[in-house]
Amino acid sequence: MRPFRLGLALGGGAARGYAHLGILKTLESNQISVDCIAGTSMGAVMGGLYAWFGNVRETVDHVRRFLSNSETVNLAVYRRIIESEKKKANIVDNLTAFIRKGILYGKAMTSRSIVDEEVFNKAFQALVPDVDIRDTRIPFGAIASDLVTGEELLITGGSLRKALMASSAIPGIYPPVESGDMILIDGGWTNKIPVDPCYQLGATEVIASCVSREMEDTSDFDKGMDIIARSNAVSTNRLGELQKRNASLILEPSVSDIHWADFSRFDDSMEAGFTCAEENLEQIMKVAARAKWQRWIKSKKKFIREITL
């Protein structure tokens, strides 16, 4: 009998991405095995760590130790971002607002990123083990975007740490990761919800965990910057909707009250993921059963170029 092939596609969402661990907690407590994981941005970080440790308890303990010992999550830049907006907007909308207000303009115009490269590297050295992706307990792939070619890439080999840095390098916030001729940035700019990459890894059924917020309601189209920001939001939202279509089940934890830059709300975000999965457990069980008895992989074609870092 061919192996069980349930895939988990974890989307980006910065601090809201902790919710993915809550979903994994529910899967584990119900003896539902995940056979491959594809992640974008924070989804790649949480998914990559889970793929390495192989269980929720060790993953959560590791993340908690990092959060308690790291100064990175308490950087003044995050506090300024949170305090500058009353609305819990998405990342792109917030960045546009900050630049428009001049809050981060100087840094954005004179440096590659708002968070210094040294700080970014130090954080990932503490957070992610220096191991090869091919050695993870669960097959895993991280999505990154190449600034040079505009290509979506699936990282399936080489340094797990470097792959997660690349996948979560939010343009303007964190420095891009260079590898050969490639300049890699956050995977969410080409694939917000990596459902198809999960199938490419061998899944027959895919559960998608989406923690990005929907577009904010707005009627302010009087200024060019507002129109540009709204147009970008429409485009990215539409991209995400298209990429979710092939998922067997879409889980959307209630994390709209959590600011994307508030990394202190680990427990709240994880609890939201757990609650969402518990509420949808019957559907999850049905998808898992289909994956167990599904005879054919939906697509054997590799549409996304796989790379090793």
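Predicted model only: the values in this text are computed from it and were never measured.

Calculation notes
Residues numbered from 1 in each chain as written. Predicted model: local features only at pLDDT ≥ 70, side-chain atom pairs only at ≥ 80, totals over all residues. Heavy atoms only, no water. Helix = DSSP H or I, 4+ residues; strand = E, 2+ residues; numbered from the N terminus. Buried < 20%, exposed > 50% of the residue type's maximum accessible area, 1.4 Å probe, protein only. Contact = heavy atoms within 4.5 Å. Expected span 1.5 Å × (residues − 1). Axes fitted to C-alpha atoms, helices over the stretch in contact; angles between N-to-C directions. Nonpolar A, V, L, I, M, F, W, Y, C, P; charged D, E, K, R; others polar. Parallel < 35°, antiparallel > 145°, perpendicular 65-115°, else oblique. Left-handed = near helix turned anticlockwise from the far one by under 90°. Core = buried A, V, L, I, M, F, W, Y, C linked by side-chain atoms within 4.5 Å. Pairing = 2+ DSSP bridges. Arc of directions from axis to C-beta. Salt bridge = Lys/Arg side-chain N within 4 Å of Asp/Glu carboxyl O. pLDDT = per-residue confidence, 0-100. Disulfide = S-S within 2.5 Å.

Draft legend 1. Spatial organisation of the overall build of the protein. Per the secondary structure count, the protein includes 12 helices and nine strands. Out of the 309 residues in the protein, the part that is buried amounts to 55%. A separation of at least 24 residues holds for 79% of the contacts in the protein among residues at least 6 apart in sequence.

Draft legend 2. Examining helix α11 (residues 266–279) more closely. With 14 residues, α11 should reach 20 Å at 1.5 Å per residue; the first-to-last C-alpha distance of 20 Å fits that figure. Turning to α11, the residues buried within the fold contact α1 (19–29), α3 (56–69), β8 (249–251) and α12 (281–293).

Draft legend 3. View of the environment of G47. Relative to the helices and strands, G47 resides in helix α2 (residues 42–53). Here G47 is in contact with L10, I37 and F140, once residues within four sequence places are set aside.

Draft legend 4. Focus on the packing of α1 against α2. It is the contact of α1 with α2, at a shortest axis distance of 10 Å, that shows an interaxial angle of 35°. Along the contact surface, α1 presents H20, L21, L24 and E28, while α2 presents G43, M46 and Y50. Looking at the contact of α1 with α2 residue by residue, the classes come out as four nonpolar, two polar and one charged.

Draft legend 5. Fine view of the packing of α1 against α11. With their axes 6 Å apart at the nearest point, α1 and α11 run at an angle of 45° to one another. By the angle between their axes, α1 is oblique relative to α11. Judged by the twist between their axes, the crossing of α1 over α11 is right-handed. Judged by residue contacts, A19, L21, G22, I23, K25, T26 and S29 of α1 engage F266, S269, M270, G273, F274, A277 and E278 from α11. Here the residues of the contact of α1 with α11 sort into seven nonpolar, five polar and two charged.

Draft legend 6. Main features of the nonpolar core. Ranked by size, the top nonpolar core spans 69 residues in total, and within it F140 and L164 carry the most contacts. When residues of this core are assigned to their parent elements, the largest contribution, eight residues, is made by α2. Apart from residues lying up to four places away in sequence, F140 is in contact with I37, G39, A44, G47, G48, A51, I133, I155, T156, L160, L164 and L201. Counting residues in each nonpolar core, the second largest holds 12 residues, with C36, V195, A203 and V206 among its members.

Draft legend 7. Structural view of the pairing of strand β6 (residues 182–186). Most of β6 sits out of view: four of its five residues are buried. Sheet analysis places strand β3 (residues 140–146) next to β6, joined by three bridges and oriented antiparallel. Paired with D146 across the bridge in β6 is L184. Summarising the sheet, strand β5 (residues 177–179) and β6 pair through three bridges and their orientation is antiparallel. Looking across to β6, one finds that S179 is bridged to M182. Connecting β5 to the antiparallel partner β6 that follows it, the hairpin turn spans two residues, and G180 within it adopts a positive phi of roughly 60°.

Draft legend 8. Local environment of helix α7 (residues 117–127). Every buried residue of α7 is listed here: F120, A123, F124 and L127. Down the axis of α7, the buried set is contained in an arc of 90°. They therefore lie on one face. In this structure, α7 carries E118, K122 and Q125 as exposed residues pointing more than 90 degrees from its buried face. Packed against the buried residues of α7 are α2, α3 and α8 (160–167).

Draft legend 9. Highlighting the pattern of salt bridges. The full count for this structure, using the stated rule, is nine salt bridges. As a salt-bridge pair, E205 and R290 come within 3.6 Å of each other at their nearest N and O atoms. Of the two residues, E205 is situated in strand β7 (residues 205–209) and R290 in helix α12; the sequence distance between them amounts to 85 residues. Using a relative accessible area of 4% as the deciding quantity, one classes E205 as buried. With relative accessibility at 39%, the residue R290 sits in the partly exposed group. Here D257 makes a salt bridge to R265, at a shortest N to O gap of 3.2 Å. Residues joined by salt bridges that share partners form a network here, namely D257, R265 and D268.

Draft legend 10. Structural context of the confidence of the model for the protein. Mean pLDDT over the protein stands at 84; residues scoring 70 or higher make up 76%. Here residues 99–103 is a poorly scored stretch, pLDDT under 50, and it has eight contacts once near neighbours within four places are set aside; other chains count.

Draft legend 11. Just the state of the cysteines, in detail. Per the counting criterion, the structure on display carries zero disulfides. In this model C36 remains outside any disulfide bridge; the closest cysteine sulfur is found in C198, 4.2 Å from its own. Judged by relative accessible area, C198 falls into the buried class, the value being 0%.

Draft legend 12. Representation of the environment of L153 within the structure. Position of L153 relative to the elements: it lies in strand β4 (residues 152–157). Placed 151 residues apart in sequence, L153 and I304 show a C-alpha to C-alpha distance of 6.1 Å. Contact partners of L153, with chain neighbours within four places excluded, come to A142, I143, A144, D146, M182, L184, I304, R305 and I307.

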